Amino acid sequence: MADSRPIGVFDSGVGGLTVLREIHDRLPSESTIYLGDLKHFPYGPRYPTEVRGFAFDIIRYLQGRDVKLVVIACNTATAAALSQARETFDVPIVGVIGPGAHAAVEATRKGLVGVISTEGTAASQEYLHAIKEIDPMVGVFQKACPELVDIVEQGDADSPRAEVALERDLAEIVKLGADVLVLGCTHYPLLKPAIGRIYPGCFQLVDSASTTAEKVRRQLEHANLLADGARPQHEIVVTSVPERFNEVAEILFGERVPEVTEVDIWEAK
Ligand code: DGL
């Protein structure tokens, strides 16, 4: 039976739009609600318990909006909240780390994978565990690159500033000889052109956007929850004033984004 309820997707800011876009591409009949938690951006430097609290409140909000599945389109929030969220909520929840880990293991020929992410994701070691769970022989080198998030959020992903930061942040991974680089933050896919200029042909880049969207498709199909696509509706909400959100969102999303509205899901607290 077709299920026309929306898919809920969230991130701390614009980064998760890379995942949303892949969901739209693969599942054009599905309605979506995207939430960017700009009020608490960035998640990367925060304690996991704090990020988990935000994620739980957002999942509760999305459940209240009657979504049929939640995608945590943020690596930091996936690392901090996915396992416990699955124990707490009935709604099916998909994170971005598992799909990215699978893609990385499939892609590496040398058995050496570099992972760049926020501090929170690196400290959680979730990528290391996810990759080793699939293939314990694969070597994993993780590097926290917090400045890259700001660079992307400020619309500077394709700038000399990005190139300087990438040259510095990726030097060690290049030296170690990893042939796959996991963009372990949903903000990072926008850095692909700059990475290609600084370290041309050094690694295959893996981001979890397309693999996560594919997982969502498979899960909905398997559970018989796909929409019949009469009139898919798309909504974007943010938890704080969207200063440069639309501008950066359009670069990231690759097209005009649906109108953005502000919600205060913590209003009643
Ligand atoms: N998009 C988030 C992620 O994938 C990082 C941004 C932030 O620090 O909030 O980890």
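Everything discussed here concerns the structure shown above.
Residues numbered from 1 in each chain as written. Predicted model: local features only at pLDDT ≥ 70, side-chain atom pairs only at ≥ 80, totals over all residues. Heavy atoms only, no water.

Caption draft 1: Layout of the environment of Arg217. In this fold, Arg217 is placed in helix H10 (residues 208–222). Taking the C-alpha atoms as reference points, Arg217 and Phe253, 36 residues apart in sequence, are found 19 Å from one another. Excluding residues within four positions of it along the chain, Arg217 makes contact with Arg26, Leu27 and Leu226. Within polar-contact distance, the side chain of Arg217 engages the side chain of Glu214 at 2.9 Å. (Helix = DSSP H or I, 4+ residues; strand = E, 2+ residues; numbered from the N terminus. Contact = heavy atoms within 4.5 Å. Polar contact = N/O pair within 3.5 Å; in protein donor to acceptor, adjacent residues only side chain to side chain.)

Caption draft 2: Focus on the nonpolar core. Membership of the largest hydrophobic core comes to 28 residues, with the highest contact counts inside it found for Phe10, Leu35, Ile58, Ile59, Leu62, Val70 and Ile93. Only strand S2 (32–36), helix H2 (48–64), strand S3 (69–72) and helix H3 (75–88) provide two or more residues apiece to this core. It is H2 that provides the largest number of residues to this core, a total of eight residues. What Leu62 contacts, discounting residues up to four positions off in sequence, is Gly8, Val9, Phe10, Ile33, Val67 and Val70. (Core = buried A, V, L, I, M, F, W, Y, C linked by side-chain atoms within 4.5 Å. Buried < 20%, exposed > 50% of the residue type's maximum accessible area, 1.4 Å probe, protein only.)

Caption draft 3: Representation of the pairing of strand S1 (residues 7–11) in the model. Of all five residues making up S1, five are buried, and the element is well covered by its neighbours. Side chains Ile7, Val9 and Asp11 project from S1 onto one buried face, and the interleaved Gly8 and Phe10 project onto a second face that is buried too. Sheet topology places S1 next to S2; five bridges connect them, and they run parallel. Paired with Ile7 across the two strands is Thr32, which belongs to S2. The parallel pair S1 and S2 is bridged by helix H1 (residues 17–26), and the resulting crossover is right-handed. (Pairing = 2+ DSSP bridges. Right-handed = clockwise from strand over helix to strand, strands pointing away.)

Caption draft 4: Local environment of H10. The end-to-end C-alpha separation of H10 is 21 Å, in line with the 21 Å expected for 15 residues at 1.5 Å each. What H10 keeps buried is the set Ser208, Ala209, Thr212, Ala213, Val216 and Leu220. Axial view of H10: buried residues confined to an arc of 130°, hence all on one face. Between the side-chain oxygen at the start of H10 and the backbone nitrogen of Ala209 there is a gap of 2.9 Å, and the oxygen is on Asp207. (Expected span 1.5 Å × (residues − 1). Arc of directions from axis to C-beta.)

Caption draft 5: Molecular detail of the pattern of salt bridges. As enumerated under the stated definition, the model contains 19 salt bridges in all. Residue Asp57 is joined to Arg60 by a salt bridge in which the shortest nitrogen-to-oxygen separation is 3.0 Å. Taken as a pair, Asp57 and Arg60 lie in helix H2 at a separation of three residues, close to a single helical turn. Asp57 sits in the buried class, given a relative accessible area of 15%. According to the relative accessible area criterion, Arg60 is partly exposed, its value standing at 43%. One salt bridge in this structure joins Arg161 and Glu147, with 3.6 Å as the shortest N-O distance. (Salt bridge = Lys/Arg side-chain N within 4 Å of Asp/Glu carboxyl O.)

Caption draft 6: Representation of the packing of helix H7 (residues 146–153) against helix H8 (residues 160–176) in the model. With their axes 10 Å apart at the nearest point, H7 and H8 run at an angle of 160° to one another. Compared by their axis directions, H7 and H8 come out roughly antiparallel. Along this stretch, H7 crosses H8, giving a crossing that reads as left-handed. Each of Glu147, Leu148, Asp150 and Ile151 in H7 lies in contact with H8, whose residues at this interface are Arg161, Ala162, Ala165, Leu166, Arg168 and Asp169. (Axes fitted to C-alpha atoms, helices over the stretch in contact; angles between N-to-C directions. Parallel < 35°, antiparallel > 145°, perpendicular 65-115°, else oblique. Left-handed = near helix turned anticlockwise from the far one by under 90°.)

Caption draft 7: Here's a closer look at the sheet that holds strand S6 (residues 139–144). The parallel open sheet is built from four strands, whose spatial order is S6-S5-S7-S8. This sheet does not close on itself; its edge strands, each paired only once, are S6 and strand S8 (204–207). Ignoring which end each strand starts from, the neighbouring axes of this sheet average 25° apart. Across four bridges, the pairing between strand S5 (residues 112–117) and strand S7 (residues 180–183) is parallel. Its bridge partner lying in S7, Val115 is registered against Val182.

Caption draft 8: Structural detail: the site of the ligand. Lining the immediate surroundings of the ligand are 14 residues, of which Ser12, Tyr43, Gly44, Asn75 and Thr76 lie closest. With respect to the ligand, the side chain of Asp11 contributes an N or O atom lying 2.9 Å from a nitrogen atom. Within the backbone of Tyr43, an N or O atom sits 2.6 Å from an oxygen atom of the ligand. Across the complex, the protein chains shield 99% of the 300 Å² of accessible surface that the ligand would expose by itself. (Near = heavy atom within 4 Å. Areas by Shrake-Rupley, 256 points an atom, 1.4 Å probe, with all protein chains shown as cover.)

Caption draft 9: View of empty space enclosed by the protein. Under the defined criterion, the tally for this structure stands at one cavity of 30 Å³ or more. Counted as a void, the largest cavity has a volume near 40 Å³. Lining the largest cavity we find Thr18, Asn75, Leu183, Cys185, Thr186, Pro189, Asp207, Ser208 and Ala209. Tallied by class, the residues present in the lining of the largest cavity amount to four nonpolar, four polar and one charged. (1 Å grid on protein atoms, 1.4 Å probe; cavity = no way out; pocket = protein on both sides within 12 Å on 5 of 7 lines; lining within 4 Å. Points joined across faces, edges and corners; volume = space filled by probe spheres on them. Nonpolar A, V, L, I, M, F, W, Y, C, P; charged D, E, K, R; others polar.)

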